[in-house]
Amino acid sequence: MSLETKLRKLREQKGWSQMDVAHQLGISQPAYNKWEAGQAKPTLPNLQKLAEIFEVDFLDLVQTQILNVDMSNAKFEDSESVIFESTINTISPELISKILDNQEQMAKLMKSQSRLIESLLKSNF
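What counts and how
Residues numbered from 1 in each chain as written. Predicted model: local features only at pLDDT ≥ 70, side-chain atom pairs only at ≥ 80, totals over all residues. Heavy atoms only, no water. Phe/Tyr/Trp six-rings, centres within 6.5 Å; stacked < 30°, edge-to-face > 60°. Helix = DSSP H or I, 4+ residues; strand = E, 2+ residues; numbered from the N terminus. Buried < 20%, exposed > 50% of the residue type's maximum accessible area, 1.4 Å probe, protein only. Contact = heavy atoms within 4.5 Å. Core = buried A, V, L, I, M, F, W, Y, C linked by side-chain atoms within 4.5 Å. Arc of directions from axis to C-beta. pLDDT = per-residue confidence, 0-100. Axes fitted to C-alpha atoms, helices over the stretch in contact; angles between N-to-C directions. Parallel < 35°, antiparallel > 145°, perpendicular 65-115°, else oblique. Left-handed = near helix turned anticlockwise from the far one by under 90°. Nonpolar A, V, L, I, M, F, W, Y, C, P; charged D, E, K, R; others polar.

## Quick look at the packing of aromatic side chains
Argument step 1. One pass over the full model with this rule turns up two aromatic pairs.
Argument step 2. Look at Y32 and W35: their rings are 5.8 Å apart centre to centre, the planes differ by 65 degrees, and that puts the pair in the edge-to-face class. Remark: W35 and Y32 occur in helix α3 (residues 29-36); sequence separation between them is three residues, near one turn of the helix. In this structure, Y32 and W35 share a single accessibility class: buried.

## Observations regarding the environment of L10
Argument step 1. Relative to the elements of secondary structure, L10 occurs in helix α1 (residues 3-14).
Argument step 2. Given a relative accessible area of 16%, L10 falls into the buried group.
Argument step 3. Setting aside its immediate chain neighbours within four residues, L10 contacts F54, V56 and L61.

## Examining the nonpolar core
Argument step 1. Counting 18 residues, the largest nonpolar core has L7, L25, Y32, L47, L50, F54 and L61 as its most contacted members.
Argument step 2. Per-element tally for this core: the top contributor is helix α4 (residues 44-54), with five residues.

## A word on α4
Argument step 1. When α4 is considered as a whole, its buried residues turn out to be N46, L47, L50, A51, I53 and F54. Taken around the axis of α4, the buried residues stretch over an arc of 165 degrees, which confines them to a single face.
Argument step 2. One or two residues past the end of α4 sits E55, with phi positive at roughly 55 degrees.

## Description of the confidence of the model for the chain
Argument step 1. Looking at the chain as a whole, its pLDDT mean stands at 78, while 75% of the residues score no less than 70.
Argument step 2. By mean pLDDT, strand β1 (residues 69-70) is the weakest element of the chain at 38, and helix α2 (residues 18-25) is the strongest at 95.

## Some words on the packing of α2 against α4
Argument step 1. One can describe the packing of α2 onto α4 by two numbers: an axis separation of 10 Å at closest approach and a directional angle of 120 degrees. Taken together, the axes of α2 and α4 lie oblique to each other. As α2 runs across α4, the sense of the crossing is right-handed. Contacts between α2 and α4 involve V21, Q24 and L25 from the first element and N46, K49, L50, I53 and F54 from the second.
Argument step 2. For the contact of α2 with α4, the per-class residue count stands at five nonpolar, two polar and one charged.

## Quick notes on unusual backbone geometry
Argument step 1. Positive phi outside glycine occurs at E55, with the angle close to 55 degrees.
Argument step 2. Looking at the element boundaries, E55 is found in the loop between α4 and α5 (58-62).

## Things to note about the packing of α2 against α3
Argument step 1. Where α2 meets α3, the axes come as close as 8 Å, and the angle between the chain directions of the two elements is 110 degrees. Here α3 runs roughly perpendicular to α2, going by the angle between their axes. Side by side, α2 and α3 meet where Q18, M19, V21, A22 and L25 of the first sit next to Q29, Y32, N33, W35 and E36 of the second.
Argument step 2. Residues of the contact of α2 with α3, tallied by class, amount to six nonpolar, three polar and one charged.

Here's what the structure looks like:
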């Protein structure tokens, strides 16, 4: 089952409107609608929030979104390298956790950078 189908079914099981879910996520209803329509994909932090809101396991929610790519004898564009018999099946919860941690650290660094730029601009004028 696709992510968009899961989102719609979970929302309907709760008896919620798209606006109800969007409000809980702190996003607009049109943004949430794009997820259910398959026109956009939620970020990892939003996927985590969705799992919490719908009271489902994160991996169950994203199971079909995890790569399951058979790259046997695949050749990359502009490369002489060939991959033999390699298959990517899952992304571990530990990896997802590390990705989320990295996103949080990057957000903090970006805020610090913005504050530094603002203070430099103020001091020059």
